[in-house]
Every structure is written in C-alpha cells, then in structure tokens.
Amino acid sequence: MRQFLARRIFHSLISLVGLLVLVFFLARLTGNPGDLYLPLDSSIETRQAFTEKHGYDDPAYIQFGRYVRDLLSGDMGESVRKKRPALEIVLEAIPVTLMLAASAMFLALVGAVIVGARAAYRPGGVFDRVASISSLVSASAPDFWIAITAIIVFSVHLQWLPTSGLGGPIYWIMPVCVLLIRPFGLLVQVVRSSMLTVLSAAYIKTARAKGVKEKSIVFVHALRNAMIPVITVAGDQAAAMANGAVIVETIFGWPGIGKLMIDSIVQRDFAVVQAAILVTAFVILSINIVVDLTYAVLDPRIRKRS
Amino acid sequence: MNKMKNIVGATLLALPLSLVFAEGKIVTVVLSEEPDVIDPCEASRSNIGRVVKQNIAETLIEIDPTDGSITPRLATEWEQVDELTWNFTLREGVMFHDGAEFNAETAVTAINRALNPTQDCEIRLKFFGNINVMPKAIDATTLEIKTDTPQPILPTLMGTMVIASPNTQAEKGTMNPVGTGPYQFVKWDAGQEIVLERFDGYWGDQPEAEGARFIWRTESAVRSAMVKTGEADIAPNIALQDATDENTDFSYFNSETSRLRIDMTQAPLDDLRIRKAMNYAIDRDALIGSLFSEDVVPMTQIVVPSINGHNTDLTPWPYDPAKAKELIAAAKADGVPVDNEIVVLGRIGMYPNATEVAEAMAAMLAEVGLNVKLSMIEVAEWIDIFTKPYAEDRGPVLQASQHDNNNGDAVFSVFFKYACEGPQSTMCDEEVDKGITAASAAVGDERREIWQQVFKRLHEEIVPDVQMFHMVGFSRVNPRINFTPSISTNSEVQIGQVTFK
Amino acid sequence: MTSRLTESVAVQPKVQRSVGLWTMLWNDKFAFVSFLFLVVMVFLAVFGPWLLEQPATKLNLRLRNAPPFSLDNGWLYFLGADALGRSMIARLIVASQNTLLVAASAVAVSLIIGGALGILAGYFNGRFSTVIMRFADIIMSFPSLLIAVVVLYIFEPKVANLVLVLSITRLPVYMRTARAEVLEIRERQFIAAAKTLGASHSRLITRHIAPLVVPTLTTIATLEFAFVMLAESSLSFLGIGIQPPEITWGLMVAQGRNYLQSAWWLSFFPGLMIMFSALALNLLSGWTRIALDPVQRWRLEITNQQAS
Amino acid sequence: MIEENKPILSVKNLSVAFRTGNAVVDAVRDISFDLYPGETLAILGESGSGKSVSASAIMGILDSPPGFLRSGKVVLDGVDILRQTRAERRRLMGKSIAMIFQDTLAHLNPVYSVGWQIAESFRTHLNLAKNEANDRAVRLLEQVGIPNAVRRAGDFPHQFSGGQRQRVMIAMALALEPKILIADEPTTALDVTVQAKILDLLIEMRNQRDMGLIMITHDLGVAAEVADRILVMNDGEIVEHGVVSQIYANPKHSYTQKLLGAIPGLGNYRETQHDASKESATPLLRVEDLTKHYITEKSLFSRREREIVKACNNVNFDLYQGETLGIVGESGSGKTTVVNMLLKLIEPTSGSAQFKGEDIFTMQGQSLLNLRRQVQAVFQDPYASLNPRMSVLDIISEPWVIHSDVVEKRDYKDRVVELLQNVGMLPDHAERYPHEFSGGQRQRIAIARALALQPQIIVCDEAVSALDVSVQSQIIELLAKLRDERGLSYLFIAHDLPVVKELADRVIVMKAGEIVERGAVDKIFEHPQHAYTIELLAANPIADPEQVADRRRRRGIKQ
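Thresholds applied
- Residues numbered from 1 in each chain as written.
- Chains lettered and ligands numbered in written order.
- Predicted model: local features only at pLDDT ≥ 70, side-chain atom pairs only at ≥ 80, totals over all residues.
- Heavy atoms only, no water.
- Helix = DSSP H or I, 4+ residues; strand = E, 2+ residues; numbered from the N terminus.
- Buried < 20%, exposed > 50% of the residue type's maximum accessible area, 1.4 Å probe, protein only.
- Contact = heavy atoms within 4.5 Å.
- Axes fitted to C-alpha atoms, helices over the stretch in contact; angles between N-to-C directions.
- Parallel < 35°, antiparallel > 145°, perpendicular 65-115°, else oblique.
- Left-handed = near helix turned anticlockwise from the far one by under 90°.
- Nonpolar A, V, L, I, M, F, W, Y, C, P; charged D, E, K, R; others polar.
- Pairing = 2+ DSSP bridges.
- Right-handed = clockwise from strand over helix to strand, strands pointing away.
- pLDDT = per-residue confidence, 0-100.
- Salt bridge = Lys/Arg side-chain N within 4 Å of Asp/Glu carboxyl O.

**Observations regarding the environment of M99 of chain A**
Residue and element names in this part refer to chain A.
- Considering the arrangement of structural elements, one finds M99 in helix α5 (residues 86–121).
- Note on M99: relative accessible area 25%, which makes it partly exposed.
- For the pair M99 and G256, spaced 157 residues apart in sequence, the C-alpha to C-alpha distance is 9.7 Å.

Right, here's the structure in full:
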C-alpha cells in the first residue's frame, strides 16, 4: 500500500516537472506581458524599461533557471497585474472551484447511478429510452448557452434564483446544475452500459438463484461491480472540472481557478498561470490517485495487483 | 464519496441562507471585471478608477469630461508661475481616512509615490511617462510643481493624479487604499466584492449613500440582468443589445472613437485616392441603429467634441460607392496595385459586437471592389502589430481600433496617432508635426485653433483612418436611485452623487 | 479449464446472416432517423457552402435579426437572420462544413495518434509505457485553454490549428483506452499462437492487436465527436476559438449568446444542430455496437410485430 | 434409492426457445421428468443439448430475453412455480430449491467476501441479524470442509482455489437446507483429484439432508459415479432415461451408444515404435534441468514479503522423431510453464533445451525463425487461439506470410483447401470466420495451421481438454492419423491420464513443478509406481457403475 502510493506520487512528481517545463516555455511563446500591461500610448523607452525590470528580455532558459531557483525556495513569483504573490492568488481561487466541482460531481454521480441503473435494468424499456435520449441531449448541450438561458428564465423572468455570485445555497443551484449537466449525461451512459454488462454476469444469476431481492441485486450485487468504469470516467470529469469550470465561473461570477487561469493567460500574467497550472495539476494528480485507491476499495482483486 | 458529501454539507451550512439584494442605502455597482489592484496610483485604469477615484481618493483638480474644463477638488486654485512652474493652493481642513492631515507635504509624498519608478503605476506610465515632475511644499497650503519641459496644461494632467495617504507604503502596491474621499475602504474579498463605507470626517457634504459594494460579472447579459432583478444598482458598462429598457438604461458618449487605422506606408494604402475611396465605401447610416447604437455619431476626427481642440466644422464622409469605385479606377489607371490583398485586422472582444462590426466593414470595403480579407486576432498580437516597431513585411493593413481620450485635451491623442514619432503612427507629415509642437506649447484659444487646423488637415488631406464613430456607452441604473451615467462613468462612478428615490 | 463452452452460445445457429444490416437499421427507428440525418448533414456540408456562399456572407442590414418562421423574405430566411442580416439557414449549412471538418479531423487525428501510442505502450509494457502514460498525465492536467492561446497567438486561428488544439487535448482518452485494451488482448491465446508462428512485433501489432482495439476506439470516437464540437464552441465563447470570416456552429452559438434576450434564434439553432448531430452520432454508434456484437444482435433483428 | 413416494419436483412438457433474428430456436423441447427426495438424477448431454437451459428455466434465471418459456409446468410442492409471481418465486429460490454452477469464479460476486455472500441467504430469507448470519456462514464453511473457516469467511472468491470455491458455492446453496439442489457441471473445471472430493461432498450432503440432487454433466464418468437415474439429452430432447446400471450396460438410443463409445481411455495402447536403437540416436528435442522460478509481486495492501514460486524445477526429458510424449499433471503442476518455455513465450530461469543439438534459448533472428518453422503448437482453447477478425484462409496462410519462402502467394488458397481437407473440413470453410464454427471444428483449423509449415514437432497444450467427449475422440484420432502419415513428434500435454492412453508412447507425470514419474504408457497405466500417479488414476471417474461402489469403498465413503 505504502509502496504503491509512493510510486504513484513519484510518477505524479515526474508529470508535474514535465508540465512545469512545458507551461513555462509555451507561455513565453505568447508574447511580452509588457505590451498588455502598459498603456497603449507608452513610449518605446517605457516598454523597454518595463521589460528589463521584469527580466522578460533574458533568454527563456535563464528566466526558467530563475523561476526554478525561486520555486525551490517556495516562491512562485508575483503577479504582474495584481502585485501579490501568485500562489496566494491561486490558493484563494481554488477552494471555490473545488467546492463547485465537488458538489456538481457528487450530484451527477448519484443521479447518474440511479438513472443509469434503472435504465439498464430493463434495456429497451420506456424508462431506458427516455433516459438514454435525455442523457445524450444533456451531454451534448453547450453549457454557456444553458447558463445564460437559465439566468434569463429563472432569474429575470421567474425571479426564483439570484442571477449570479457566491452566497447561500440558492446561489449554488444554477452554477451546480449547469456544471453537472454534461458529466451527468455522460455518466448515465457509462453507468447504463456498465450495468448492462454486469447484470448479465454469472454471479447475478447466482444471486437470483439465492432469492435475493431485485433491488438488492441491482444496488448491492451489480452496482459495486459496475462502478469501476464509472469511477474512471467520473475521475476524468472531475479532473476536467478542476482544470477550470471556466465557463460556469465566468458567467456566474465565481472567483474560481478556471476564471483566474483564463484571465491570466489572456493577460500574460505568467507567474499566476504557472502557479495555477501547478496547483490544479496537483489536484488532478491527486484525483487520479484517489481514483486508483477507489478501485482497490471497490474491487478486492485490484488490491492484489499494483 | 462520503467525504465529498461532508465538504458540500459543510459549505452549505457555512454560507448564510439569504439572497443578497441591493437594499438599504448601500449602492451596489457591478463591474465587468474584478480590479487587479485598488491602489490609488492605478486609478486611471477604468475598473480601478470606478472604485477608487473620487470615492476613496480624490484628485487635486477635477476634469469635467463633458467639455474638458477643470474645476477645483483638493486644490482650490492654481497659477502658472513661469514656463516650468505651477503653484497650487490646497484646500484646508481635509483629513485622510487614517487620520493624517492633507497638506502640501502629504500631497508631495503622494505625488512622489505615484511617480516612483520602482512601481509600475499606470498614472505615471500613461500621463507622466516623459515628464520629470518635481513637487515641493512651499507652505502648508501651497504646492509647487516644477517640470523639466513646459507643461501648459499641467492642471489638466493633475486631474489624473489621485492623492493617497502619506502612510501608504511607497515602494509597493497597496491592498488598502486610503485617501480623502467621501468613502473609506472596508474590505476586499478577493473574487467576490469590495466594500466601502461612508467616511464621517469627509470635508465636503455628507453623501446620501451609506456605503458601496463593488462586484463584477464578465457577461454583459448577466450584469444587466442583475440590475433588473435588483441585485445591483449600477451596471456601468453593458452591451448595446442588453440596453433594451428605456427606463433604466442610459446611453452617453463615452469618449471612445472607433476607426480603422490605415497603414499609410503600404501600397495601395499609400495612395490618397484609395484612402478616400475606403471612406466613401462605408455606409455609416446603415450601421447606426443596427450594429451601433442609434446615438453614435460619425466621426470626423479622433477626439470627441468635448475635447479641447475638436474641430466642429468638419463634415463626415458621405456614403458614395460610385465615387469610391471611380477613385479606385483612377488609382488603378495610375498603376497603383489596387488588387493587393488588404487585411482588416479586428481585435477579439474589443467591444461586445466587435466581430460583427469588423465583418460588416470588410464586407462594405469589398463591395466597392477592394480585395479585402478579414482577420480577427487576439489582444496581445493586436497590440504587437498596433505599436512600433512595426514588422517589415506587414503588408497593407486596416487595423480596427478604438481610442479613448477623456482627459480634456487633444494632445493625449494626436501625438501618439499621427506624429512622425508617434508610437502608433504610420504617417509622417511635416505640417502635422509642426502643428503638434506648436499646440503643445500653447494655451487657451491659440492651442485650440492649432489643434483644429491639424484635424482639418488630417481629415481632408491626409485621411489616415477609415472613419467610423464616436461611440456611446450604456449603463443600467436601478430605478430606486438617482444617478445619471455620463462620459465620466467610463473612468469613475462617484457614489457620492447617488441619491435615493 | 474447460469452462467456457457455455450452452447459450452454442444454441445460436452457427452461420447466421439472415437479417441484413439495412433491415436491422430500419428496425431501430431512432438509429434510422439518425442515419438519415447524418447523411443529409454530410451532403450539405460537402455541397452547401458551394451553393450558399453568397447568402451566408452577404450583408443585409435591412433584415438584421429578422425573426424565424416567416416566409416573407424567402425560404432562406425561414429560420431568421443574424445580426448582419445574413440568412440563418445559409449560415448553418455553410458552417456545417467547418464544424464537421474540425470535429472529424480532430477526432481522427487524436484517434490515430493516441490509439497508436496507446497500443505501443500496451504492447511494450515497460519503460516506454511509463513515459507514454506520464505524457498522458501531463496533457490531462494541462489546461487546454493555454494550448489554445499559444496556438492562436503563434499561428492563425485557422481550422487546421483548431484541429491541432482539440486533438492534442483529447489524446489521453485514446492512449489510456488503447493501452488498457492491449494489456488484455496481448495475453490472449491467439497472440501466443501467432508468436509461435514466428510473427514479428509489427505483424502482431498491426494484424492481431490493432484490429481488435479499433472497434473500442471508434466507439469512443463517436462520443468524442460531440465533445469536440462542444469544446470548439466553448473556445469560441472565450474568444479563443475559430474566428470570422470562418464560421462554425460553435462560433454561431458563442456570437449569438449576446443576443439571447433579443434574438434567441441566433444561438438556438446552431446549438440545436450541435445537439442533433451529437445525438444522431451517439444513437447510431449505439446501434453499430449492438449490430456488430453477435451476442446482442438479436435485439435489432426482432421486427416490430414480434416485439409486440 | 428410489422411494415410492411423491416426487418433490415434477417437470412437465417444458419447452424453452431463444429468439435469434427473425427465427426462434428451440433449445429445450417438451421434456418431462420427476425428482424424488434423496435421489440423484443426472442430466447427461454435450454442449448445446439443452441441459443447462432446462436447469435455468426451472430456477427462473433464464437469459430472458432472448430466451423464453414456450410451455410446460414445474411443480414444486403441488404448485406450478412457473405461474407464480416474481415475489412468490423469489421466496422459494435458495430456500426450497438451490443451484450450484460450473464456473465458480464467475458465479461468485468478486467484490464481496464469501462469508458475506453465504450470510446473505440468512439475511434475505430469515431476516437474521448480521452477526448471527455471519456465524452461521462460518459454520457452513466448516461443514463443507474449508479449513480456518473463521478467517477464510472474510476472504474474497479469487483468493480460493477452484475446489475450495466450489465448496463455498455448495455451502451457499445448502445454507437454507433446500429440498432440491441443482448442480450444473459442478466439477467440470476442476482437477480430477479435486473433482472426486467435491463429488464425495455432494453425495454426503445429499445423504445427510435427504435432498433431491439434479446433476447436470457432460461427463459419463461423473454421471456413473453419483447418479441413481440418468436422463440423456441431445438437441433439446430427452433421448433416453433410466436407471444408471441399465443405461451403461444397455444403451438403447444410438446417441447414448455413441457417447459411451467415445469415452477416452477405453481403447488400446499405441504400438510403440521407439526401441533401443532409437534411444541411442540423437533426440529431436532434449530438455535438461529446465527451471522457472517466479518472484511474487508484493501485494498492494498486505505486508507479505515477496516469495519465490517454483513453477517448474529441473525438468529433463527427450523427445524422439515420430514419438508422442505425454505430459500429465493437474493445475499448478508446471506442465504449461514447460511448454511456454519451449515455445519461447517465456524465458527460463535456468536449464537448457536443444532442438537437434542447438540450444533454443540462445536463438535469435534467422535461427529462431527456423525453429518456429520446425516446432508448432496447438493450444487448449479453440475459442481463444484463433484471431476472431481473421478468416480461416488468413489464419491458415499466416505462417506462409511470415515464412515467405514456403509457399507462393498465389498458391495459398489451394494449399489451405488441401490442409482443410487433411483435417477433415470442407474447402469452402476457407472463407469463413472462427465464430461460425464449433469447438471441434476450430481445433481442426488450429491443427491445420500448425501443419502449414510442415513442422517436425507439434506441441499440443491441452489440445482436447475443452471439447466434448465425442469430439475429443475424433480429434485424438485425427492427431494419430496425421502423426503416422507425416512422421510427426508430439509433445502432448493433458491434465488427466485417460486422454493420453491411446496416443502417447511415453508419459511424464508432473506435480508441483517436478516430474514424479516417467515411463512407457502401458507401464504408467498398468503399474504406476508413484503415489500421485496412483491417486490420479483412482480419482478419474469411471463410466462403469459396477466399479463405482468398489472405488467408493476404497476412498472410504459410505454408500
């Protein structure tokens, strides 16, 4: 167990380092931050002074060396825009995204299991048809479109929900719903197909031959076996969310990491971009490890392998 | 999964169970983006200015954006001592929020801080980049400012200078702005809101609003919806298509002027006939009320009428495609390579429907027979192309751009755009350069007249732009308050002016 | 050891092609409609732009935001007009070319590259595999937005570059699936059999392993197709996707969102097209999966009378 | 044994069909039988005979759709259970009537502990509390002979051996003391020695509880061993039924006769051709001290240290031209490890193997390719050893594609047809795909492929184990014919002795990675020396009811 974790963490660190190098150099291909920061009318001299002051005129590898040196002493640099430590900015943003993503993922997963299992129980039935089509629809709807439509309908016309912002539970309803709609659709599909396979497994027959109740067959015997592919997809979806529920954050004005990342990329605030990617990568790699551990918890056979 | 449940549960419990509606005498302003910082020395950036300028920290002099005239604020009067020196008499009995007293000393400290080169304050970079300013306290209420070059409009320049408390750290940006304004800073929940409350020790009349909240949403549709639902009071900047309610939505000239900059060095754009033809090709009347608001005005020069130097005698280009085709034919006959591909370069997200506008412009230019290609680019690349040094092989480009001058004088525009040395200029005309030099040194009517001559020459004889419009902005205001957005709403939202119905 | 000779399989007649593919397609009405829809879509994508270039690009400010479901302005304006007065129908059809092209090429590129890398990683399980999987990890935790901005800044927002962005970000899906499949397939007996014949690595991979992995990958690809269309539209929403004068449905939705209050049809119809295409593809792929699986095939072979 | 009282289960005119395409295929046609308390009824049949389908129909676990009941009654306690509601039916399942299955790994839920799965019956039907249910589960495990039952109850199915898993399955089925137990091929996948013990356990349990036992099997030996009465099924119908002794002594139906005739190990030994002069000749293949050790991976969650597993230890043997060497051993004996090393599918830990004097483990490139040409293999599972996406033509001609100098491309088709005919198939089979063939046909295709390069040695790794008896005997016949025609040498691997009896010249018996006995085939069968060989021979069920009682006595089981 400890060895497995150690190896996974080691691999994750390698990935992090690779990511770091890639991000650093790719970011520097996108132009000089000074151009964007300085007023349009600044003179060439002002621009030069700014560039020199921030070291943007050094070759990229020297900048990288400087960055690595600072990083090793725990300094992720300072935001050019916000004039604060980049890490501090990122750490303020990430809890919002994590909570948003966690709520959406949790609800999507629970909903998908209930709907998907029910659909798989009678494949081809009315419930299955309706569930399949509507899950496909929800998996293929543009989310920003849904978000804005939802605001117009639920906030402006019906006045049931606040338009946006971070606050009490009712502020969570629309962002979470918009965010979960796609993973939900996808997960319903995965749960359904996984359950279809599992429900035709031999041990399900054994359970029926034992006289086990159908509810228990579906939710006790089959579900746990069917969860592995579901957890895989859910993990990927969660990772994608951690990487930025950009659209939801942008529209609903949630100060999350996705919004921060896109803003910093557009503004070429490199220190923030790097810190944000590093922190989200850390979250994503952790999710991967948690997913692996979940496999082992769900399936005793996996505990044997490594 | 259990863990997740706990996190969600804990979060839901931790948050107050209420809808935050704009109520009481607190004014909620919804901005288009979160300010990066709220340092007074950055107050020239629009979203920072809306929070800080004249709310938290004030300027010595206030510029009236409607006509460019200047009025006293922290300075009561001012005079030019000699070519390089101005004296300002400061208001007495003014206190900073932290208890410090406002006087010539503290004004000097504030000016020095804003102009400190170790900081990249935008006020310095934007307005004082090439000027060496030496402030000095003569006595408690007299501030002397010397400059290394003659600055005939120094009081206007000082209208951009926001005075921060002397206790503000000098070398670094501050997260806790302290000034002399009617509101003092309470807190900034990063990502969520900035809260101000009324300052009891304010030198002027106590404003009606007890405090202010600034929040931000990226989507214009959301901002306007928030005012509609009562979640916000003022949305200073909404898109044309969201400004649909006459009762709440205000339109006003926002000092922006929209044009296509012609790269005059590249064939066929170096030919005057082609540049004129392009201006004849644009059906401005069709654009007004469709892609642009009904309130926009066709431009004749880069500055809006309220700016000192605007020439009202100039007439907009008419729509005359026949004439345009004629001019192109004539140029072609003279061997001008009119078939060269001309790129209309748009900037993604410059204003809400910038893309459609660029598409429309390109389509109209193509209509008169030019070989036009549209290309939409990202802001960083756009800036790179817009400013000197220019790439050698750039080819004929019409670059969509928008210029904003709300600082009262044409000097803030003309040099940059049209002088031989101007950092965004593609032209070099001796007469225009002479005019710029002369106007910069002049004051009063003389200054205005020289600018007007320059604009006339640019408009009629040089034609460096495909002229579009003086733009209007839209703000939505909650009917529960009285507040009239204006051109100044572009750079400040004076909460002190808000009254409640 | 002798376990798997189960009777239920043996009960099935040995040779059975009694029901043709077309009949099976006809029997599943959803799949049939999906198939028709996709055929029409592909036809329009190929020939539409050539026929409708003019109405799709011609400015007509008189008809700006003309509402849909009116034939007053001719059939081209039946679905209304956009902010520049261009026919929605014409634009939807012209945009279908780019949309389907972007999605299909992005899916194809990541399917081929990701699939190949995944197969190799699974086959040569070991250090090579580790490297490939770390690479997948890196891409997974890399914000696609940054890649999009980099590409947009360095290159032009052309269709080809968009394909590049979208395909890079979707590589890991195929890599991981292909690898997992191969890890299982390479333990099968026919692989051992081929080895004893002296088959080389390349033969084992191309003749024995790849053909078995491809069906799984194509199934994923159809799901990804929808995902890519949506990702493309999200990039447009954030202003870093494809740019005019090129059009895609995603871009149309993104641009139209500004007019949701005043002219909902601007973003509604392209959004509907994305949804329909995704739906059709998924339904059809579900059908294909069943039709090609001898164990499940019977579901499609039953005609309606029998089912009732 | 047959008591003259009322049957506990009556099946009347049961018909089951499957929908495939627009056709409906009858799997079970109009079968009827009774089961009495305390008796064992064997349903005997080969794959596709409908025996398992009928059991599923009785248990209400038919794959439906596509399967469905056409007609019939199943009367239990005077009630037709096929007409009951689902809930009523469910209350009977496990309680009055229980079932055990063949593939225990697939039939036990992999993610729950065996104790939990047994206890589930108590919780479901008796509403027992968790603790009490668990206690009773442990007691049951003890009864079926699982050592350390308290600890093992917490283990998962994959942690048990095949035989133990079947015991677990039995424990689970017997939890609520059902009146009827249906055993669907319960010992088919097990080693013979284990099989004997499981059969003994079943008999013991039946006797203790006076249950009616329905034993579904394809193995005539197993049926002879346990049954009181036998039903013979073929193609969905009962072709013959009667008391055991009568069926075996006097089969009436031709199908039954055919089955009995195909029982392996009844024929004669091969007229051995190897003689003293050959012993001195150079062997075709010489294996010396072949050893393979594995180091176990460390487990993910337990703290157990790495262990060395000796899969195969110092194995020596020679194989001569034209000779058949049988290697017999149960699972874990290391026989497959030896084969895999010789086929160069895995690397040996130490030892050598020479093909015509050349060490095959050092071979690379061209010389390896030459070896491949000379040594071919036929594997156990004909469903798995043929690539499902390749046509028969592609499969059989693949060796020529790899060894491009053997046959010209334009001759592929002709040569494939020729080979197909050699192995008893039709020319037009060349265009078809593996899934269109039965197990025996597939194995013929695999043999044709192995012959394609005209090798000198064919390694048959359990090549007939997965086949029905009648097919098995045909394949063995074919192999013998080909050997004699072409002078082939076989390395013939099997898990029990009877199948090698007629084919092999010499036999090696392996156990736990070592060779325990070797010798000429007649010597091994007639005068086994090693205790294990004797055990193997004794454990093998004999399709002769007369001998069964005698053998049982020897194993100490009361009749």
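That covers the picture; the talk isn't over yet.
**Overview of the arrangement of the chains**
- Interchain contacts are distributed over five pairs of chains, and the most extensive set of them lies between chains A and B.
- Spatially, chain B is disjoint from chain D: no contact exists, and the shortest C-alpha separation is 18 Å.

**Digging into the packing of helix α4 (residues 114–126) of chain D against helix α7 (residues 162–174) of chain D**
All names here are of chain D.
- The N-to-C vectors of α4 and α7 enclose an angle of 20 degrees; their axes lie 8 Å apart at closest approach. When the axes of α4 and α7 are compared, the pair comes out roughly parallel. Where α4 crosses over α7, the handedness of that crossing is right-handed. Along its contact with α4, which presents V114, Q117, I118 and S121, the element α7 presents V168, A171 and M172.
- Partitioning the contact of α4 with α7 into residue classes produces five nonpolar, two polar and no charged.

**Comments concerning the pairing of strand β18 (residues 489–494) of chain D**
All names here are of chain D.
- In terms of residue burial, β18 counts as a mostly covered element, since six of its six residues are buried.
- Of the two faces of β18, both are covered, the one formed by S489, L491 and I493 as well as the one formed by Y490, F492 and A494.
- Note: strand β13 (residues 324–328) against β18, five bridges, orientation parallel. Bridged to T324 within β18 is Y490.
- Here strand β17 (residues 457–461) runs beside β18; their pairing, made up of five bridges, is parallel. Bridge pairing in β18 places I458 opposite Y490.
- Tracing the backbone out of β17, into helix α18 (residues 469–486) and back to the parallel element β18 gives a crossover that is right-handed.

**A look at the sheet that holds strand β14 (residues 350–355) of chain D**
All names here are of chain D.
- On the basis of which strands lie adjacent, the open sheet formed by four strands has the order β12-β11-β14-β15 and antiparallel pairing. Of all strands in the sheet, those with a lone pairing partner are β12 (308–319) and β15 (358–359), marking the two edges.
- Where β14 meets β15, two bridges bridge the pair, whose relative direction is antiparallel. In the sheet register, Q354 faces β15, and the bridge partner there is D359.
- Each of β11 (285–295), β12 and β14 touches helix α13 (residues 335–342); the most contacted strand, β11, lies at about 115 degrees to it.

**Remarks on the sheet that holds strand β7 (residues 142–147) of chain B**
Residue and element names in this part refer to chain B.
- Across the sheet, which stays open at both edges, the four strands sit in the order β4-β5-β7-β6 with antiparallel pairing between neighbours. With partners counted over all chains shown, the strands left at the sheet margins are β4 (75–82) and β6 (133–139), one partner each. The mean inter-strand angle of the sheet, taken between neighbouring strand axes irrespective of direction, is 25 degrees.
- Strand direction decides the pairing type here: β6 and β7, joined by six bridges, are antiparallel. Across the sheet, D139 pairs through a bridge with T142, a residue of β7.
- Together, β5 (85–90), β6 and β7 form the strand contacts of helix α3 (residues 104–114), whose direction differs from that of β6 by roughly 170 degrees.

**Topic: the confidence of the model for chain C**
Residues and elements named next belong to chain C.
- Mean pLDDT over chain C works out to 80, with 88% of the residues at or above the 70 mark.
- Here helix α1 (residues 7–11) stands out as the least confident element of chain C, with mean pLDDT 33; helix α4 (residues 88–123) is the most confident, with 92.
- A low-confidence stretch, residues 1–18 (pLDDT under 50), is modelled with 43 contacts involving residues beyond four sequence positions or located in other chains.
- In this model residues 303–308 is a low-confidence stretch, pLDDT under 50, and it forms eight contacts with partners more than four residues away in sequence or in other chains.

**Some words on the confidence of the model for chain D**
- Summing up the model confidence of chain D, the mean pLDDT is 84 and the portion of residues at 70 or higher is 92%.
- Interface confidence in the predicted complex, given as ipTM, is 0.79; pTM for the same model is 0.82.

**Some points on the pattern of salt bridges**
- Under the definition given, this model contains 69 salt bridges over all chains.
- For R66 of chain A, the salt bridge is made with D58 of chain A, and the minimal N-O distance between the two is 2.7 Å.
- Since its relative accessible area comes to 28%, R66 of chain A is described here as partly exposed.
- One salt bridge connects K332 of chain B with D339 of chain B, and the closest N-O pair in it is separated by 3.8 Å.
- The class for K332 of chain B is partly exposed, based on a relative accessible area of 47%.
- Salt bridges linked by common partners bring R81, K82 and K83 of chain A together with D36, E42 and R45 of chain B together as one network.

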